[in-house]
Amino acid sequence: MTTVDRETRPTRHRDNWRFVAAILVALASALAVYILAEAGAGGAIGYALMVVLPATLSAFIAWAGSIGRDWSRGTFLAVPLWLAFAAAAIGAVFLREGIVCLVMVLPFWIGFGYLGIWPVYLYRRSRSRVDPATFRAHALLLLPFVALLIDHQLVPPRETRTVTRETIVDAPPAAVWPRLLDIPAIEPDEGRWNMSQDLLRLPRPVAARLIGEGPGAVREALWQDDIRFQEVMTGWQQGEALQWRFAFPDPSIHRRTDRHIEPHGRHLWIDSGGYRLIPLAHGRTKIQLWTRYRIATPFNGYAGWWGERILGDIQNNVLAIVAGRVENARSKR
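So, a few notes on the structure that sits alongside this text. Given the structure is predicted, the values throughout are model-derived calculations rather than measurements. The residue count restarts for each chain, going from 1 along the sequence in the order it is written. It should be noted that, the model being predicted, local features are given only for residues of pLDDT at least 70 and side-chain atom pairs only at 80 or more, the latter also being counted only at that level, while totals for whole chains, interfaces and linings use all residues. Each side-chain value is derived from all of the structure's non-hydrogen atoms; neither hydrogens nor water enter the calculation.

### Focus on the overall build of the protein chain
Only runs of H or I of at least four residues qualify as helices and only runs of E of at least two qualify as strands under DSSP, and these elements are numbered from the N terminus. Tallying secondary structure elements over the protein chain gives nine helices and seven strands in all. Exposed residues in this analysis have more than 50% of their type's maximum accessible area, buried residues have under 20%, and partly exposed residues fall in between, with area computed by a 1.4 Å probe over protein chains only. Taken over 333 residues, the protein chain has a buried fraction of 45%. Under the convention used here, a 1.4 Å probe and the Shrake-Rupley method define accessible areas, while residue burial counts only the protein chains that appear. Total accessible area on the protein chain stands at roughly 17,600 Å², and carbon and sulfur atoms take up 61% of it.

Right, here's the structure in full:
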């Protein structure tokens, strides 16, 4: 071992321990921000957790990790990816976050993580000697807490959105109408493949039973994982249209659904839905299924994009079940 190696070994050990300590401090800060955000009036879906935290953590880790090392550009670029997927794994295992919520958050953490490391990378590239005292990186970890204070003062905008899907069946409205009311014993091969229920593993419908007739009637819906909810009829035009409001009388859906996107939560409120039957030429019928919901987040445009896809997938699956049963009934005649 040369004299240079003996001299640099303690420095490398010290740099390694500094980096490990930085990771632990960053994780502790992230957990504190998460707990405070969950307890606050604004909830976890805010600028602090979605924007400021990934940017500052990425910058902090990149700064601490590159002290005493000549990091390549690829190493810097890997920091937000590793951080985002590590945060997702911790969220899934220890914080019991649902896969839908994690998938929705990942683009924020990766994107704003890159925004955070960019000035650190430029600063490192512009200097031949790294002096850890030139910048107090620990001050970065205060920014998410400041952002939390701002989040708690902001009232997120509220929007009402409607998702609609439709299908056409070779049958008149009179033949379609009974298939909308009761949907017993849905088989696993009924419906259609979709991203939300087959990749993200959201539950599928198992059966629906209508109790009563006309406004005030209740359709009890049973989905996978023993999820139960109700559709209370508020509109009833025989052979033409149904309208209902959603009710969740027991905690079954709350136990299965991510708490940040539960159907009657602070950020999301699934309000009402319905069918419309539109007669077409040659004895065909267009079936429209719509769902109206309210969202209240700082990122309603992004949340609405996901709402369009997830609810759209669920609606397309239900319409495929109804259409398949209508066609089967017609073919047996």
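### Remarks on a nonpolar patch on the surface
Residues forming no salt bridge and having over 30% relative accessible area are the ones grouped into patches, like charges within 9 Å of each other and nonpolar side chains (Val, Leu, Ile, Met, Phe, Trp, Tyr) within 5 Å. In what follows, salt bridge is the name for a side-chain nitrogen of Lys or Arg lying within 4 Å of a carboxyl oxygen of Asp or Glu. Together, Trp17, Val20, Leu24, Leu27, Ile90, Val93 and Phe94 line one region of the surface with nonpolar side chains, adding up to about 760 Å² of accessible area. If you tally residues by element for the nonpolar patch, the top one is helix α1 (residues 3–39), at four residues. Position of leucine 27 relative to the elements: it lies in helix α1.

### Observations concerning the pattern of salt bridges
This model, assessed by the stated rule, comprises 10 salt bridges. The partner of arginine 209 in a salt bridge is glutamate 220, and the shortest N-O contact between them spans 3.1 Å. Of this pair, arginine 209 sits in strand β2 (residues 205–211) while glutamate 220 is found in strand β3 (residues 218–223), placing the two residues 11 residues apart along the sequence. Glutamate 220 sits in the partly exposed class, given a relative accessible area of 31%. A salt bridge links aspartate 271 to arginine 294; its shortest N-O distance comes to 3.6 Å. Placement of the pair is aspartate 271 in strand β6 (residues 268–279) and arginine 294 in strand β7 (residues 285–296), with a sequence separation of 23 residues. Taking relative accessible area as the criterion, aspartate 271 reaches 26% and is therefore assigned partly exposed.

### What to know about helix α3 (residues 73–93)
In this model α3 runs 31 Å from its N-terminal to its C-terminal C-alpha over 21 residues, within 8% of the 30 Å that 1.5 Å per residue would give. Values of bend correspond, residue by residue, to the angle between axes fitted over the seven residues ending at that residue and the seven starting there. The largest bend along α3 measures about 25° and falls at valine 79, with the proline proline 80 one to four residues further on. Residues Phe76, Val79, Pro80, Leu83, Ala84, Ala88 and Gly91 constitute the buried set of α3. We call two residues in contact when some of their heavy atoms are within 4.5 Å. At its buried positions, α3 is contacted by α2 (47–66) and α4 (99–125). Multiplying 1.5 Å by the residue count of a helix minus one yields the expected span of that helix.

### Re the pairing of β7
Remark: a regular strand shows side chains that alternate across the two faces of the sheet. Of all 12 residues making up β7, nine are buried, and the element is well covered by its neighbours. Inspection of the sheet shows strand β1 (residues 158–169) paired to β7 by 12 bridges, in the antiparallel sense. When the bridges of β7 are listed, threonine 167 appears paired with isoleucine 287. Pairing between strands requires that DSSP locate at least two bridges from one strand to the other. Alignment of β6 against β7, held across 11 bridges, turns out to be antiparallel. Paired with tryptophan 269 across the bridge in β7 is arginine 294. Where β6 folds back onto β7 in an antiparallel hairpin, the turn is made up of five residues, including histidine 282, whose phi is positive at roughly 65°.

### Description of the sheet that holds strand β5 (residues 241–247)
Pairing within the open sheet is antiparallel, and its seven strands lie in the order β1-β7-β6-β5-β4-β3-β2. With one partner strand each, in any of the chains shown, β1 and β2 form the two edges of the open sheet. Taking each pair of neighbouring strands and ignoring which way they run, the sheet shows an average axis angle of 20°. Looking at chain direction, β2 and β3 are connected through six bridges and run antiparallel. Looking at the pairing, alanine 207 lines up with leucine 222 of β3. Every axis corresponds to a line fitted to the C-alpha atoms, with the helix fit spanning only the stretch in contact, and the corresponding angles, defined between N-to-C directions, vary from 0 to 180 degrees. Packing against the sheet, helix α6 (residues 173–181) makes contact with β1, β2, β3, β4 (227–237), β5, β6 and β7, and its axis sits at approximately 155° to β6.

### Considering the packing of α6 against helix α9 (residues 300–331)
Running from amino to carboxyl end, α6 crosses α9 at an angle of 130°, the nearest separation of the two axes being 10 Å. By the angle between their directions, the pair α6 and α9 is classed as oblique. Between α6 and α9 the crossing geometry is right-handed. For the pair α6 and α9, the contacting residues are Val176, Arg179 and Leu180 in the first and Val322, Arg325, Val326 and Ala329 in the second. Just so you know how the angles are binned, under 35 degrees is roughly parallel, over 145 roughly antiparallel, 65 to 115 roughly perpendicular, and the rest oblique. Note on convention: the crossing is left-handed when the near helix lies turned anticlockwise from the far helix by less than a right angle, right-handed when the turn is clockwise.

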